[in-house]
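The chain contents come next:
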Amino acid sequence: MPAVSKGDGMRGLAVFISDIRNCKSKEAEIKRINKELANIRSKFKGDKALDGYSKKKYVCKLLFIFLLGHDIDFGHMEAVNLLSSNRYTEKQIGYLFISVLVNSNSELIRLINNAIKNDLASRNPTFMGLALHCIANVGSREMAEAFAGEVPKILVAGDTMDSVKQSAALCLLRLYRTSPDLVPMGDWTSRVVHLLNDQHLGVVTAATSLITTLAQKNPEEFKTSVSLAVSRLSRIVTSASTDLQDYTYYFVPAPWLSVKLLRLLQCYPPPEDPAVRGRLTECLETILNKAQEPPKSKKVQHSNAKNAVLFEAISLIIHHDSEPNLLVRACNQLGQFLQHRETNLRYLALESMCTLASSEFSHEAVKTHIDTVINALKTERDVSVRQRAVDLLYAMCDRSNAQQIVAEMLSYLETADYSIREEIVLKVAILAEKYAVDYAWYVDTILNLIRIAGDYVSEEVWYRVIQIVINRDDVQGYAAKTVFEALQAPACHENLVKVGGYILGEFGNLIAGDPRSSPLVQFNLLHSKFHLCSVPTRALLLSTYIKFVNLFPEVKTTIQDVLRSDSQLKNADVELQQRAVEYLRLSTVASTDILATVLEEMPPFPERESSILAKLKKKKGPSTVTDLEDTKRERSVDVNGGPEPAPASTSAASTPSPSADLLGLGAAPAAPAGPPPSSGGGLLVDVFSDSASAVAPLAPGSEDNFARFVCKNNGVLFENQLLQIGLKSEFRQNLGRMFIFYGNKTSTQFLNFTPTLICPDDLQSRLNLQTKPVDPTVDGGAQVQQVVNIECVSDFTEAPVLNIQFRYGGTFQNVSVQLPITLNKFFQPTEMSSQDFFQRWKQLSNPQQEVQNIFKAKHPMDTEITKAKIIGFGSALLEEVDPNPANFVGAGIIHTKTTQIGCLLRLEPNLQAQMYRLTLRTSKETVSQRLCELLSQQF
Amino acid sequence: MQFMLLFSRQGKLRLQKWYVPLSDKEKKKITRELVQTVLARKPKMCSFLEWRDLKIVYKRYASLYFCCAIEDQDNELITLEIIHRYVELLDKYFGSVCELDIIFNFEKAYFILDEFLLGGEVQETSKKNVLKAIEQADLLQEKTENMYHSKSFIGCKKAY
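Residues numbered from 1 in each chain as written. Chains lettered and ligands numbered in written order. Predicted model: local features only at pLDDT ≥ 70, side-chain atom pairs only at ≥ 80, totals over all residues. Heavy atoms only, no water.

J.: Would you mind going over the sheet that holds strand β3 (residues 715–719) of chain A in detail, with residue names and values included?
T.: Residue and element names in this part refer to chain A. Pairing is antiparallel across the open sheet formed by 5 strands, whose spatial order is β3-β4-β5-β8-β7. Each having just a single partner strand, β3 and β7 (767–771) make up the two edges of the open sheet. For this sheet the average axis-to-axis angle between neighbouring strands, irrespective of direction, equals 25°. Of the pairings in the sheet, the one linking β7 to strand β8 (residues 783–792) comprises 5 bridges and is antiparallel in character. Bridging across to β8, Thr771 finds its partner in Val788. (Pairing = 2+ DSSP bridges. Helix = DSSP H or I, 4+ residues; strand = E, 2+ residues; numbered from the N terminus. Axes fitted to C-alpha atoms, helices over the stretch in contact; angles between N-to-C directions.)

J.: Talk me through the pattern of salt bridges; I want residue IDs and the actual numbers.
T.: Throughout the structure, instances matching the rule amount to 48 salt bridges over all chains. For the salt bridge of Glu908 of chain A with Arg917 of chain A, the shortest nitrogen-to-oxygen distance reads 3.0 Å. On the accessibility criterion, Glu908 of chain A (16% relative accessible area) is buried. Beyond isolated ion pairs, a larger network of salt bridges with shared partners links Arg388, Asp391, Glu423 and Lys427 of chain A together with Glu50 of chain B. (Salt bridge = Lys/Arg side-chain N within 4 Å of Asp/Glu carboxyl O. Buried < 20%, exposed > 50% of the residue type's maximum accessible area, 1.4 Å probe, protein only.)

J.: Break down the layout of surface pockets for me, with residues and values.
T.: Considered as a void within the structure, the second largest pocket measures approximately 1100 Å³ in volume. Together, 41 residues line the second largest pocket, and Phe66 of chain A together with Gln16, Trp18, Asp24 and Lys27 of chain B are the ones closest to its centre. In terms of residue count, the dominant contributor to the lining of the second largest pocket is helix α1 (residues 24–39) of chain B (6 residues). (1 Å grid on protein atoms, 1.4 Å probe; cavity = no way out; pocket = protein on both sides within 12 Å on 5 of 7 lines; lining within 4 Å. Points joined across faces, edges and corners; volume = space filled by probe spheres on them.)

J.: I'd like a rundown of the sheet that holds strand β1 (residues 3–8) of chain B, residues and numbers included.
T.: Residue and element names in this part refer to chain B. The antiparallel open sheet is built from 5 strands, whose spatial order is β2-β1-β5-β4-β3. Since the sheet does not close on itself, it has two edges, and those belong to β2 (13–18) and β3 (48–51), each with one partner. Ignoring strand direction, the axes of neighbouring strands in this sheet form an average angle of 20°. By the bridge criterion, 6 bridges tie β1 to strand β5 (residues 64–70) in an arrangement that is antiparallel. Directly across from Met4, in β5, lies its bridge partner Cys68.

J.: Go over the interface of chain A and chain B with me, naming the residues and quoting the values.
T.: Taken together, the 78 residues of chain A in the interface contact 69 residues of chain B. Taken over both partners, the interface formed by chain A and chain B buries close to 6500 Å², and the fraction arising from carbon and sulfur atoms is 56%. Note that Asp71 of chain A is salt-bridged to Lys28 of chain B, the shortest N-O span being 3.7 Å. Its residues assigned to classes, the side of chain A that touches chain B shows 36 nonpolar, 25 polar and 17 charged. (Contact = heavy atoms within 4.5 Å. Buried area = accessible area lost by both parts, 1.4 Å probe. Nonpolar A, V, L, I, M, F, W, Y, C, P; charged D, E, K, R; others polar.)

J.: Requested: an account of a negative patch on the surface, with residues and values cited.
T.: Judged by side-chain charge, Asp438, Asp473, Asp474, Glu600 and Glu601 of chain A come together as a negatively charged surface patch. Given a relative accessible area of 59%, Asp474 of chain A falls into the exposed group. (Patch = residues over 30% accessible without salt bridge, like charges linked within 9 Å, V, L, I, M, F, W, Y side chains within 5 Å. Areas by Shrake-Rupley, 256 points an atom, 1.4 Å probe, with all protein chains shown as cover. Lys, Arg positive; Asp, Glu negative; His and termini not counted. Charge placed at Lys NZ, Arg CZ, Asp CG, Glu CD.)

J.: Describe the packing of aromatic side chains, and please don't skip the residues or the numbers.
T.: Residues and elements named next belong to chain A. In total, this model carries 32 aromatic pairs over all chains according to the counting rule given. Ring centres 5.3 Å apart and planes at 50° place the aromatic pair Tyr916 and Phe939 in the tilted group. Of the two residues, Tyr916 sits in strand β16 (residues 915–922) while Phe939 sits in the segment after α44 (925–936), which places them 23 residues apart along the sequence. Each member of the pair, Tyr916 as well as Phe939, carries the same accessibility label: buried. By the ring-pair criterion, three or more aromatic residues cluster together here, those being Tyr742, Phe750, Phe753, Phe806 and Tyr808. (Phe/Tyr/Trp six-rings, centres within 6.5 Å; stacked < 30°, edge-to-face > 60°.)

What follows is the structure, given as structure tokens:
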């Protein structure tokens, strides 16, 4: 082996590097570099043609300067010239310069590609290697365009040298990653799979990476790789430690290849062939067994390599999630690592156990390690390990251990690193809510959070505690008492003042009977904090005061005095001033009745995904925010958009009051009812955003969502923290086409992404759905589209189900939603005169033909919205047909492949009773039935 | 693997290899941030950390830090051994390698890395095979260098 004399080839370079190193200051270094740049420039521009050696030397110097962090804007041409040199070292330096410095613009790309082409055709393995390395290093689209066809040929050609095959495989992998569309699939794919059988382990190692990436996107095409990978793996794990010669690393046979093979197998479900499956299970068992054997070497490399394979095997076991025995063994193994003296192993064990905790087979086994994990939280010296412990505690938490885990996290919070406090606060808040058996405990926990880490309690957390208290009347009295006591502390966090102010404003009356917390005491307590608070909190407190005026007439004058004081009425802050003025007027002008109506107790909030959970998800992975907001906007302008719960304003808006205009009540009541807008731009969006974001498959929200699509064709069907499904559809007569858009909201790829349309037996013969499979990989932030062609054969009642399965991170995701293809989509409107309508109405007077439903209005009874919904439903809206102008009538024809069914409908609103009567008459009983059901949900 | 960085205890970058397309500006920003983060860590801490949506695996050898960024599903321990194998390769090639070898022969460090890792994936794990490839290249280099030496020799003669 040659000693260190490699630099001698370019003495000038070595001298230059020494000079730079001897520079005493940054300025001296820059001066020296500029001198050198000027020198090189003049050489390159000089009349005398430079020989290859000098070119190489100068190009190398430029490279060095670039790597020091300086910009280089010349020398590219000289580097390209070096590529066509016959001298290996010149060519090599040329390629290095191109790999490091080339940008995809310029004329040069063509020249570079030419040189590469020549080298690839040279049949000189060393030159071919250099060319392939260059393509792999640059990996630009232009290179993919030029070589994506050629590289596969080199890869599978019979006479290609092993080392070139290895480079070709990884070069192709790089091109496929940058431009998958440019890499043509073809005959070569099946030959690539067989490289798993290659004699040369280096070739197998390189090929496995390529196959894994290709298999993620085209699982069907590479399915045969499973059995080949299993048998290869089996041969490796059962080989004696010296069998594989140079591929054995510190007594571990081919650890890199083993890890890669185990990764490849994670692209697929457990093998179906029992023989293959058995062999794989044996492999995994062997790997687990080996972990228990005494180490063959004390070197850390030995244990690292061995454990790398072990952890990958455990990932595969978790991925398959089908062998309880293996899962429990994996969990026990990780349990041992939790107490290992190597920090790295403890870290990885905590991380890996997190995914294990979500498997039903091993959740209980993970829970047995709770004490060790809690101990890690207390004793680990490295914050990143403690962070893993927090994650694991969060993952293993369930109803049985929630109180313990929450208590431990709270006590850790007191000393936790600032960098992870906010996340711990969110986690505690979520666990406390999710597993609260008794809501008093929940309220205590949140108040503790505010006490311990008030600065890290984000708005979402305190909004949430208020939502929960408002929705549960069993905890309201306790909450009022507890916040009242907490507020006694001489110094309390502003977040506590907010929660206290809000809760006492709503439920202070529940504790007012006790003279120790009489109305005046409550008011004085809150007002003692007033001047120390920020403007948004003061605004909230003013709202509390006006609520007090309503709740406790005895403190009215005290509060009016406060509102009347100059510091309020003439406050420099316009929001505070406005509130003071309006509340003061409200308290003097309005009668007690009006006051009671305006300041009525908050109605319950609609149930929906916890805003805190959303926030935690957001912290963990950025989502496509713009998309989200777009759809929100779309929803709010769409009249058919269905429920827009606006609990705060309904009570006020429907109260006619002579003083309303005077006071500008339209704006004001929102303030006392909801938390102050000035502090909560985010809150209002949050609280009033509709309940579409259901977490679980077919959760209540998704049914609402389904109903929303009855009268419209476009919008967001489903959304959780990972995935958004949007729809666009059009129907004509008995045919339709639906575009389904799957948006990946995370920054991580979804793998094995498979949406499936499921029609229940009966529906299959009635509704014809045709679609093509979508790309199994959805990149982070990307959206894929699927087209469904629809044919209605005969009338139907059920809806097809869209099931989506994919892998995200290490976990398997499974979501089902009803696809809103409903019978009314095949409506064609029919216009007719009043006379015609009633004539036909009478013709359809058979008792089976008519279906009637009387129901209570779920939404405000607005004529225009009702009209829009009937049109959206698909029938014609017939004006001046019904003698009663308040009624709505419609007519249309349902088109199916077999028949056409005429339909008439009549909707009679009763404003006083807030009821509707809906009557459907069609020639077919089932059609009347279904249409009536569908339309009744809409009002 | 998304990228590999070698830097000194003083925070000087000695080698950078990027396997994902990024602008120079981004590369500089990432380097700055990461060097700072890793240098701030204490000796006994674990070799892995979460950083943005990547996992960082690093190890210190004498005055040099070797630092790799891998993706969520990638294996941390095997990455640690990728680093070690690379160090072994440099060591074998230079004969107990030190930071200076990498500074003065940076191009060789790149060539060895390219034989070992390509496109961010392990290409060849056999030490013998990697070094064989580099040795062959050196043989070619020596041949050409001898030619230069004789050339300049002749040149000298002429000058006399």
